[in-house]
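# Fold and contact review
Here are the chains, one letter per residue:
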Amino acid sequence: MSAAGSAHPHEIAYDRRRLRQWLAGEARADGVTRRRLLTLLAATATATVLPGGSPAHAAGSPIVKPLPPASFIPRGTNAETRWEALRGTGHHTPNALFFVRNHTATPVLDAADWRLRLWGDGLRGTPAEDRPVEFGYDDLRALPAVTRTAFVECAGNGRSHYATQQGETPAGTAWTLGAIGVARWRGVRLADVLRRAGLSPYAVDVQPRGLDAEYVSGGESLGRVRRPLPLAKALDDVLLAYEMNGEPLPHDHGHPVRVLVPSWVGIASIKWVGDIEVSARPLYSPWNTTFYRLFGPAHPEDGGAPLTQQTIKSAFELASGATFAAGRSQVLHGRSWSGTGGIVRVDVSTDGGARWRRARLHDRPRSGTWTRWSIPWTPGTPGPAHLLARATDTAGRTQPDTSVSNTQGYLFDAVVRHPVTVL
Ligand SMILES: Nc1nc2c(c(=O)[nH]1)N[C@H]1C(S)=C(S)[C@@H](COP(=O)(O)O)O[C@H]1N2
Ligand SMILES: [Mo]
């Protein structure tokens, strides 16, 4: 367990080491062609195929739960939460309102049949796949339970604002700001499961994989959704969650068990987890090579390091184009969050950014979750207006005016101009 306890690897250095090892033939890169990796290294920052989704079921919706139009904006195999639907909900997003991001379609799995298989050369005394360690649902339930409040947010949340505010055209789902939800997750520590499985001191990466269908992109199957996680994060605060807001995990959110990686981009939180490879060599998948890295002129030639922590954002609990009566006093509500710390300050402008006032915070700053806020407003002159909110976190990070562009439109962090009309 010595490697286990080592310090957080600096992700960029770690990634370079990974690439070198791969080139030396040491790393495993199933489902990633040599050509793909070389392209990555050579760094043509071309836009990738738009995940349109291939149905996992013969028929039916890719999402199981109802998606009332008042609460959701349908986006292919995904569904975005409407911010106006969060008004009046508490700190935690009700399961019925939580956004869904599916590469294919929600598989309906039975906890009684479910097994979690741990395998790989990063386990002690386990020759590769020969003797995998298995856990059933009841085995997990019998381990010490932990609960934690955390957001799951898609790396592409806010992507459409690269177009609306910056005139760019990144590839991917055109989310506004509703690809985030906060829940109270209950489950077991991944660290407990890894230790029970017998972690070797040489383990460096763990790679959970979903039980949903293989993801087909550009006519090529990339295999089942999976993404390696450095061991240091896996042993830190990652959960195998079986409850969401006090209910068994809903089908769309990973029933019976999902990975929950606090503060990181949503792709790390693999749903419907069926197996976890524990590896003594760095691992690659399309989700840490082709996807979920930053490409473009502002980034390293061979792309940035695989995305880890989420960025900082704010949203009003209002519909786009909401109307207000001139001269009538209001209270505006919103939420801000960051992957690098709790939110300590939010400034709001109701005049398109000329003057700023400090909002009142309704939650204590806590990492991995949002802070609700409010501010009074009496709209003046009738006509179109823009509401803006700018958050600052405990790490001293503040939302900028412009987000650094990247071809796939990840990590939008700029202040969003929320259009409203005063009547
Ligand atoms: N197995 C599997 N896990 C997955 C995905 C998926 O399609 N399949 N999507 C990922 C992405 S990109 C995000 S943003 C989150 C979304 O979680 P949610 O649907 O519970 O909101 O799940 C992640 N885990
Ligand atoms: Mo995502």
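Up top you'll find the structure we're talking about.
To start, this report covers the structure provided alongside it. In this text the structure is predicted, and so the values were computed from the model without any measurement. The residue numbering used here restarts from 1 in each chain and proceeds along that chain's sequence as written. Chain letters and ligand numbers both follow the written order, the letters beginning at A and the numbers at 1. Restriction of local features to residues with pLDDT of at least 70 applies here, the model being predicted, together with a cutoff of 80 or more for giving and counting side-chain atom pairs; totals for whole chains, interfaces and linings are based on all residues. The basis for every side-chain value is the complete set of heavy atoms in the structure, and neither hydrogens nor water enter the calculation.

## Considering the pairing of strand E21 (residues 371-377)
Buried means the residue's accessible area, taken with a 1.4 Å probe over protein chains only, is under 20% of the maximum for its type, while exposed means over 50%, and partly exposed covers the values in between. Working definition: helices are DSSP H or I runs of at least four residues, strands are E runs of at least two. Numbering for both runs from the N terminus. Within E21, five of the seven residues are buried, leaving the element largely enclosed by the surrounding structure. Pairing between strands requires that DSSP locate at least two bridges from one strand to the other. Relative to E21, strand E17 (residues 330-338) runs antiparallel, the two sharing seven bridges. Across the sheet, Ser336 pairs through a bridge with Thr371, a residue of E21. By the bridge criterion, two bridges tie strand E20 (residues 360-361) to E21 in an arrangement that is antiparallel. Paired with Leu361 across the two strands is Trp373, which belongs to E21.

## Here we look at the site of ligand 1
Proximity criterion: a residue is near a molecule or strand once any of its heavy atoms comes within 4 Å of it. Residues in close proximity to ligand 1 total 20 residues, the closest being Phe99, Asp212, His253, Arg258 and Lys271. Pairing of N or O atoms within 3.5 Å defines a polar contact, subject to two protein rules: one partner must be a possible hydrogen donor and the other a possible acceptor, and residues neighboring in sequence count only if both atoms are side-chain atoms. Within the backbone of His103, one N or O atom sits 2.8 Å away from an oxygen atom of ligand 1. Residue Lys271 places a side-chain N or O atom 2.6 Å away from an oxygen atom belonging to ligand 1. Relative to its unbound accessible area of 540 Å², ligand 1 is 100% covered by the protein chains. In terms of residue class, the shell around ligand 1 is built from ten nonpolar, six polar and four charged. Computed with a 1.4 Å probe, the accessible areas rest on the Shrake-Rupley method; for each residue, only the protein chains presented here act as cover. Under the grouping applied here, Gly and all other residues not named as nonpolar or charged are polar, the nonpolar ones being Ala, Val, Leu, Ile, Met, Phe, Trp, Tyr, Cys and Pro and the charged ones Asp, Glu, Lys and Arg.

## What to know about the sheet that holds strand E16 (residues 322-324)
With mixed pairing, the five strands of this open sheet are ordered in space as E16-E23-E22-E18-E19. Two strands close off the open sheet at either side, each with one partner strand: E16 and strand E19 (357-358). Pairing between strand E18 (residues 343-349) and E19: two bridges, direction antiparallel. Each bridged residue has a counterpart across the sheet, and for Val348 the counterpart in E19 is Arg357.

## Some points on the pattern of salt bridges
By definition here, a salt bridge exists when the distance from a side-chain nitrogen of Lys or Arg to a carboxyl oxygen of Asp or Glu is within 4 Å. Enumeration according to the criterion identifies 16 salt bridges in this entry. Here Glu84 and Arg82 are joined by a salt bridge, their closest N and O atoms 4.0 Å apart. For Glu134, the salt bridge goes to Arg115, with nearest N and O atoms at 2.9 Å. Placement of the pair is Glu134 in strand E4 (residues 133-136) and Arg115 in strand E3 (residues 115-119), with a sequence separation of 19 residues. Here the salt bridges do not stand alone but share partners, grouping Arg87, Glu317 and Arg335 into one network.

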